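# Survey of secondary and tertiary structure
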Amino acid sequence: MEMAIGGRASRDVSRWFYAWMALACMAVAVLGFMPTYFMPMVQGRFAAPPIVHIHGMLFFSWTVLFCVQTWLVASGGTLAHRSWGLLGISIVTAMVFMTLAVVVEGINRSEAQGFGFEKRAFAWIQVSGMAFFGTVFTLAIVNLRKADVHKRLMLLATISLLDAPIARWFLTVLAPPPPAEGFAPPPPVFVSVPPAIVADLLLVAAIVYDWRTRGRPHPVYLVGGACLLALQLTRVPVSSTAAWQAIAGW
């Protein structure tokens with residue numbers, strides 16, 4: 001009986017750990033985009049095509065839904081969690097296609113400004129990141145009945161998106177001021193690596209939690225985390241290859 005009660009208590013603690021991790025992911029997303037999107041938009045200083053706002057709305061919707069879903073499970077609302085899952089699939093599907101649309105719009109605009117090569121290179125970050133997120137999310141849906149795998153895949157997928165909001169703080173603090181005239185080129189690809197490593201610290205926290213509660217990290221974190229890190233560290237060389245430049249140009 002004591003073992004049963006202890007096991008149930010351990011599962012409850014684990015549920016709340018993932019709820020707090022989801023809340024941390026949402027906080028990173030909100031605070032990250034605060035200086036370059038939310039505040040300028042409130043102040044009327046942010047000008048962008050409507051597609052950019054739709055893109056942002058979808059990604060922010062995902063972080064909110066992910067947070068709600070984990071808190072539903074933690075508080076015992078598993079049935080509601082499953083019902084809202086269809087909305088998650090719809091949002092993620094829209095995120096994938098909207099990312100491609102934003103990439104196409106950005107490349108076309110940069111080509112007209114004379115920065116086609118730079119934008120095509122930078123687009124690798126967006127396309128490869130969404131490919132990783134979409135793949136991990138799909139695996140999470142496939143493993144829906146394996147709760148230990150499903151929840152870790154969902155957390156890994158969400159963490160993989162957080163390099164973008166963290167990068168906004170790097171740009172705010174370290175980027176040179178925009179030119180007085182003309183257009184600023186897209187940022188170099190290498191600036192995406194440090195924010196990605198910072199975002200990975202959340203994954204490290206999840207691995208440490210597993211180590212303390214399970215005695216070893218879960219394979220999802222080891223294999224998925226290794227794939228994510230490899231993707232992040234190879235962004236610079238891949239983005240400038242002739243093959244990717246041709247695909248992005250197409």
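Our focus in this paragraph is the nonpolar core. Formed by 49 residues in total, the largest nonpolar core has its most connected members in Trp62, Met95, Phe133, Leu155, Leu156, Leu161 and Tyr221. Only helix H1 (2-42), helix H2 (50-74), helix H3 (78-113), helix H4 (116-142), helix H5 (147-159), helix H7 (193-214), helix H8 (219-233) and helix H10 (242-249) provide two or more residues apiece to this core. Counting residues per element, this core draws most heavily on H4, at eight residues. Each residue touching Met95, except ones within four places of it in the same chain, is listed here: Leu58, Phe59, Trp62, Met130, Phe133 and Leu161.

Moving on, we come to the layout of surface pockets. Volume-wise, the second largest pocket comes out at about 1,000 Å³. Val73, His81, Ala147, His150 and Lys151 are the residues nearest the centre of the second largest pocket, which is lined by 36 residues in total. Of all the secondary-structure elements, those providing two or more residues to the lining of the second largest pocket are H1, H2, H3, H4, H5 and H7. Broken down by element, the lining of the second largest pocket gets its largest block of residues, eight residues, from H3. Residues belonging to the lining of the second largest pocket are distributed by class as follows: 16 nonpolar, eleven polar and nine charged.

For the rest of this paragraph, the subject is H7. Taking 1.5 Å of rise per residue, 22 residues should cover 32 Å, and H7 covers 31 Å from first to last C-alpha, within 8% of that figure. The principal kink in H7, of about 25 degrees, is found at Leu202. For H7, every residue scored as buried is listed here: Val193, Pro195, Ala196, Ala199, Asp200, Leu202, Leu203, Ala206, Ile207, Tyr209 and Asp210. Looking one or two places after H7, you find Gly215, whose phi comes out positive at around 90 degrees.

Our focus in this paragraph is the side chain of Arg235. For Arg235, the position within the fold is in helix H9 (residues 235-239). Among the residues examined, Arg235 registers a relative accessible area of 2% and is labelled buried.

As a further point, take the environment of Phe122. Take Phe122: it is sitting in helix H4. Note on Phe122: relative accessible area 17%, which makes it buried. Between the alpha carbons of Phe122 and Arg168 there is a distance of 15 Å; along the sequence they are 46 residues apart. With near-sequence residues (within four places) excluded, Phe122 lies in contact with Pro187, Pro188 and Val189.

Before going further, it helps to spend a moment on the packing of H3 against H4. Geometrically, a packed helix pair is captured by the angle between its two axes and the distance between the axes. Taken N-terminus to C-terminus, the directions of H3 and H4 make an angle of 170 degrees; their axes are 9 Å apart at the nearest point. Classed by the angle they form, the pair H3 and H4 counts as roughly antiparallel. Looking at side-chain class alone, the contact of H3 with H4 contains 14 nonpolar, six polar and three charged residues.

In this section: H8. Since there are 3.6 residues in each turn of an α-helix, residues three or four apart along the chain are aligned in direction. Between its first and last C-alpha atoms H8 spans 21 Å; for 15 residues at 1.5 Å apiece the expected length is 21 Å, and the two agree. The set of residues buried in H8 consists of Val220, Tyr221, Gly224, Gly225, Leu228, Leu231 and Gln232. Seen along its axis, H8 keeps its buried residues to an arc of 120 degrees; they face one direction.

Attention shifts here to the pattern of salt bridges. This model, assessed by the stated rule, comprises four salt bridges. A salt bridge links Arg109 to Glu105; the shortest N-O distance between them is 2.9 Å. A residue pair is termed a helical-turn pair when its members lie 3 or 4 positions apart in one helix, as Arg109 and Glu105 do in helix H3 at four residues. Arg235 is the salt-bridge partner of Asp163, the closest N and O atoms lying 2.8 Å from each other. Residue Asp163 is found in helix H6 (residues 163-174), and its partner Arg235 is found in helix H9; the two are separated by 72 residues along the sequence.

The rules we used
Residues numbered from 1 in each chain as written. Predicted model: local features only at pLDDT ≥ 70, side-chain atom pairs only at ≥ 80, totals over all residues. Heavy atoms only, no water. Core = buried A, V, L, I, M, F, W, Y, C linked by side-chain atoms within 4.5 Å. Buried < 20%, exposed > 50% of the residue type's maximum accessible area, 1.4 Å probe, protein only. Helix = DSSP H or I, 4+ residues; strand = E, 2+ residues; numbered from the N terminus. Contact = heavy atoms within 4.5 Å. 1 Å grid on protein atoms, 1.4 Å probe; cavity = no way out; pocket = protein on both sides within 12 Å on 5 of 7 lines; lining within 4 Å. Points joined across faces, edges and corners; volume = space filled by probe spheres on them. Nonpolar A, V, L, I, M, F, W, Y, C, P; charged D, E, K, R; others polar. Expected span 1.5 Å × (residues − 1). Bend = angle between axes of the 7 residues up to and from the residue. Axes fitted to C-alpha atoms, helices over the stretch in contact; angles between N-to-C directions. Parallel < 35°, antiparallel > 145°, perpendicular 65-115°, else oblique. Arc of directions from axis to C-beta. Salt bridge = Lys/Arg side-chain N within 4 Å of Asp/Glu carboxyl O.

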